[in-house]
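Here is how the chains run, residue by residue.
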Amino acid sequence: MRTAIITDTNSGISQEQAEKYDIKLLPMPFSIGGEDYLEGVDLTVEEFLEKQAKGMDISTSQPSPLSVMQLWDELLENYDNILHIPMSSALSNSCETAMALAREENYEGKVYVVDNLRISATQIHACIEARNMLESGMEVEKVAEALYEHRYDYTIYLTVDTLKYLKKGGRITPAAALIGTLLNIKPVLTIQGGKLDSFAKVRTIKNAKTTMLNAVKEDLSTRFGDSDGSKTRITVVHANNEEVAKELRQELLKELPGAEDVHIENLSLSIVTHTGPGVIAIAASKKLS
């Protein structure tokens, strides 16, 4: 049976990767300065960052139920079933909406929505694992079960270039933002189970990179039973910070000699909305296949 894999553009997946792994993309809607956009359709990363730099009001929303069903209907003309891997339910209602739609008679037994609590590159990792399991002959129901069972087997650490957007979103107070800026504080944040939380506060981007690298190595060793990176998919993610991303990639390859490769991807715009540009992150997921 042919199975279509869908994820949304919160994954930050490139068109090239989507084509390589035969993954279908659901564009996420944004409102910027009163105008509506769809990520990857009429809004590029560069355009988003330019508008953000101008201080334009930006808000995110979920795809309309109609757009989700239209994509499903289109795919079911050529595929037997669909495996839909949306952004974590802890960060958006789009997952719950898709799960409710999948229970309708037209889609029951044909569309499988998996809430495996992923965001950014870890969504890409889940899609790759799903594709590999399907190609090995595993039934789509079993693939969905495996993704759900391992929903906590990932880790993300990130640091921001400016505290401006964390202050704007209410995650830190104006006073804390001012003091942090004056002292060149670089907060290290973590995403576990789909939720963004504080992890550490350091000074300088160099110290932030070291903190993230050590935290990922610790997670790989203690949570994934992987001391050299051979059992984990690892991606460096950034927002308009490619040079630092390349440096961090080289450090990861040096520290984790078993890693087959470490990819570099753009951070999903839904996160950049709240963190601003200059973000650098490490995303890692336990391999299932």
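Note: the structure precedes this text.
Not measured: the values here are computed from a predicted model.

Turning next to the sheet that holds strand 11 (residues 232–238). Either a parallel or an antiparallel arrangement is found when strands of a sheet pair, and the pairing is made through backbone hydrogen bonds. Pairing within the open sheet is mixed, and its six strands lie in the order 10-9-8-13-11-12. Of all strands in the sheet, those bounded by a partner on one side alone are strand 10 (195–203) and strand 12 (262–266). With direction set aside, neighbouring strand axes in the sheet form an average angle of 20 degrees. Of the pairings in the sheet, the one linking strand 11 to strand 13 (residues 280–286) comprises seven bridges and is antiparallel in character. Its bridge partner lying in strand 13, T235 is registered against A283.

Turning our attention to the side chain of R131. Positionally, R131 belongs in helix 5 (residues 121–135). One polar contact links the side chain of R131 to the main-chain carbonyl oxygen of D22, over a distance of 3.0 Å. Aside from chain neighbours lying at most four places away, what touches R131 is T3, I5, Y21 and D22.

With five of five residues buried, strand 6 (residues 81–85) is to be regarded as a mostly interior element. Across five bridges, the pairing between strand 1 (residues 3–8) and strand 6 is parallel. The residue of strand 6 that forms the bridge with T3 is N81.

What follows covers empty space enclosed by the protein. If you walk through the whole model with that rule in mind, you get three cavities of 30 Å³ or more. Estimates place the volume of the largest cavity at around 60 Å³. Together, D8, L26, Q62, P63, V68, H84, P86, S94, T97 and A98 line the largest cavity. Residue classes in the lining of the largest cavity are distributed as five nonpolar, four polar and one charged.

This part is about the packing of helix 5 against helix 6 (residues 140–149). It is the contact of helix 5 with helix 6, at a shortest axis distance of 10 Å, that shows an interaxial angle of 145 degrees. The way helix 5 lies across helix 6 gives a crossing that is right-handed. Judged by residue contacts, A126, A130, M133 and L134 of helix 5 engage V140, V143, A146 and L147 from helix 6. Considered class by class, the residues forming the contact of helix 5 with helix 6 number eight nonpolar, no polar and no charged.

Here we take up the sheet that holds strand 5 (residues 58–60). What the three strands build is an open sheet, ordered 4-3-5; its pairing is antiparallel. This sheet does not close on itself; its edge strands, each paired only once, are strand 4 (35–38) and strand 5. On average, each strand axis in the sheet is tilted by 25 degrees relative to the strand beside it, whichever way the strands run. Running over the sheet, helix 2 (residues 45–53) touches strand 3 (29–32), strand 4 and strand 5 and is turned about 30 degrees from strand 3.

Reading guide: rules and limits
Residues numbered from 1 in each chain as written. Predicted model: local features only at pLDDT ≥ 70, side-chain atom pairs only at ≥ 80, totals over all residues. Heavy atoms only, no water. Pairing = 2+ DSSP bridges. Helix = DSSP H or I, 4+ residues; strand = E, 2+ residues; numbered from the N terminus. Axes fitted to C-alpha atoms, helices over the stretch in contact; angles between N-to-C directions. Polar contact = N/O pair within 3.5 Å; in protein donor to acceptor, adjacent residues only side chain to side chain. Contact = heavy atoms within 4.5 Å. Buried < 20%, exposed > 50% of the residue type's maximum accessible area, 1.4 Å probe, protein only. 1 Å grid on protein atoms, 1.4 Å probe; cavity = no way out; pocket = protein on both sides within 12 Å on 5 of 7 lines; lining within 4 Å. Points joined across faces, edges and corners; volume = space filled by probe spheres on them. Nonpolar A, V, L, I, M, F, W, Y, C, P; charged D, E, K, R; others polar. Left-handed = near helix turned anticlockwise from the far one by under 90°.

On their own, these measurements won't tell you what the molecule is for.
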